[in-house]
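An overview of the molecular structure
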Amino acid sequence: ASKRAIELSAALPEAETQGLRLDSNMLPHVTLTQQFIQTADLDVALEHVASVLADCRPLHLAVTGPGRGQSSVWMAIERTPALSELHRSLMDVLGPLERSGGTAAAFVDGDARARDVAWVTDYRRASAYASFRPHITLGHAATLPRVEPLGFTATTIAVCHLGRFCTCRRVLRRWELEAPTPRA
């Protein structure tokens, strides 16, 4: 799915992208949570994420077609029970560490639009739990791209430092999900 997302992002009209193109600097991803956490709380946050992921298995997911926000377009991801539960667990465990008053300074190189700051600020209220809509943002475009259904297995979960457009710019820590070992 990552390779296909990068291809679809690259095919969006250059004049409409606003500089958002998925690549090795703007990683394709399915957002599970976004929040402002103080740097001093980062190690605790990573421990909390690790505890949630300790029993997490690879996620079998499906791209269902295209989707859109205000000006962004994406690959819509089926909201499976396992994905929803992982989202809920991460939101719950990280909730006590979430801080209000985040600014552009919290983003990589301080490079964020007011809309990026507002998106992260409002994520818990506007985009989480019952409002969770899993997707892989491709970029900005006036017309929906052609997105074919695609099944894939997500095996990596990462905590990222966000950049402009709330992109995953710097991986702070990653976990590889492993299938259970069959018993002999």
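Refer to the structure presented above.
If you're wondering where the values come from, they're calculated on a predicted model, not measured in any experiment. (Residues numbered from 1 in each chain as written. Predicted model: local features only at pLDDT ≥ 70, side-chain atom pairs only at ≥ 80, totals over all residues. Heavy atoms only, no water.)

1. Some points on the overall build of the protein chain
From N to C terminus, the protein chain includes four helices and six strands. Reading the protein chain from its N end, one meets helices and strands in the order α-α-β-β-α-α-β-β-β-β. For 184 residues, the compact-globule estimate of 2.2 N^0.38 gives 16 Å, and the protein chain sits close to it at 16 Å. Viewed in the frame of its principal axes, the protein chain has a C-alpha envelope of about 50 × 45 × 30 Å. Per element, the accessible surface of the protein chain, about 10000 Å² overall, is 53% carbon and sulfur. When the 20 basic and 19 acidic side-chain charges of the protein chain are each reduced to a single mean position, those positions are 4 Å apart. (Helix = DSSP H or I, 4+ residues; strand = E, 2+ residues; numbered from the N terminus. Rg over C-alpha atoms; globule rule 2.2 N^0.38 Å. Areas by Shrake-Rupley, 256 points an atom, 1.4 Å probe, with all protein chains shown as cover. Lys, Arg positive; Asp, Glu negative; His and termini not counted. Charge placed at Lys NZ, Arg CZ, Asp CG, Glu CD.)

2. Some points on the environment of Pro96
Within the secondary structure, Pro96 is located in the loop between helix H3 (81-94) and helix H4 (114-126). Placed 59 residues apart in sequence, Pro96 and Ile37 show a C-alpha to C-alpha distance of 9.6 Å.

3. A few points about the packing of aromatic side chains
Scanning the model with the defined rule gives two aromatic pairs in all. With a centroid separation of 6.1 Å and 75 degrees between ring planes, the pair formed by Phe36 and Phe107 is classed as edge-to-face. Taken together, the positions of Phe36 in the loop between helix H1 (2-10) and helix H2 (42-53) and Phe107 in the loop between H3 and H4 put the pair 71 residues apart, joining distant regions of the chain. Neither Phe36 nor Phe107 differs from the other in exposure class; each is buried. Seen from their ring centres, Trp119 and Tyr123 are 6.4 Å apart, and the 70 degrees between their planes marks the pair as edge-to-face. (Phe/Tyr/Trp six-rings, centres within 6.5 Å; stacked < 30°, edge-to-face > 60°. Buried < 20%, exposed > 50% of the residue type's maximum accessible area, 1.4 Å probe, protein only.)

4. A look at the environment of Ala118
Among the structural elements, Ala118 can be located in helix H4. When the C-alpha positions of Ala118 and Ala104 are compared, they lie 9.9 Å apart, and in sequence the two are 14 residues distant.

5. So, the nonpolar core
Of all hydrophobic cores here, the largest spans 35 residues; its most connected members are Leu53, Met75, Leu86 and Leu138. For this core, the secondary-structure elements that each account for two or more residues are H1, H2, strand S1 (59-68), strand S2 (72-77), H3, strand S3 (135-140), strand S4 (150-154) and strand S5 (156-163). Leu138 has contacts with Ala5, Leu8, Ser9, Leu12, Leu20, Leu22, Val73, Trp74, Met75, Pro145 and Val147, leaving out every residue within four places of it along the chain. (Core = buried A, V, L, I, M, F, W, Y, C linked by side-chain atoms within 4.5 Å. Contact = heavy atoms within 4.5 Å.)

6. Let's talk about unusual backbone geometry
Of note, Asp109 is a non-glycine position whose phi angle comes to about 60 degrees, a positive value. Mapped onto the elements, Asp109 comes out in the loop between H3 and H4. Here the phi dihedral of Phe165 falls at roughly 70 degrees; this positive angle occurs in a residue that is not glycine. Within the secondary structure, Phe165 is located in the loop between S5 and strand S6 (167-176).

7. Some points on the state of the cysteines
Following the criterion strictly, the structure yields zero disulfides and no others. You can see Cys56 has no disulfide; the closest cysteine sulfur is in Cys160, sitting 16 Å from it. Not engaged in a disulfide, the cysteine Cys168 finds its nearest cysteine sulfur in Cys160; these two sulfurs lie 3.5 Å apart. (Disulfide = S-S within 2.5 Å.)

8. A closer look at the pattern of salt bridges
Counting across every chain of the model gives 10 salt bridges. For Arg4, the salt bridge goes to Glu7, with nearest N and O atoms at 3.2 Å. Of this pair, Arg4 and Glu7 both sit in helix H1, separated by three residues, roughly a single helical turn. Glu7 gets classed as partly exposed once you look at its relative accessible area, which sits at 37%. (Salt bridge = Lys/Arg side-chain N within 4 Å of Asp/Glu carboxyl O.)

9. Notes on H2
For H2, built from 12 residues, the straight-helix expectation of 16 Å at 1.5 Å per residue is met to within 8% by its first-to-last C-alpha distance of 16 Å. Those residues of H2 that fall on the buried side of the exposure criterion are Ala45, Leu46, Val49 and Leu53. Viewed along the axis of H2, the buried residues span an arc of 100 degrees, placing them on a single side of the element. Facing away from the buried side of H2 by over 90 degrees, the exposed positions are Asp43 and Glu47. Of the surrounding secondary structure, the elements contacted by the buried residues of H2 are H3, S5 and S6. (Expected span 1.5 Å × (residues − 1). Arc of directions from axis to C-beta.)

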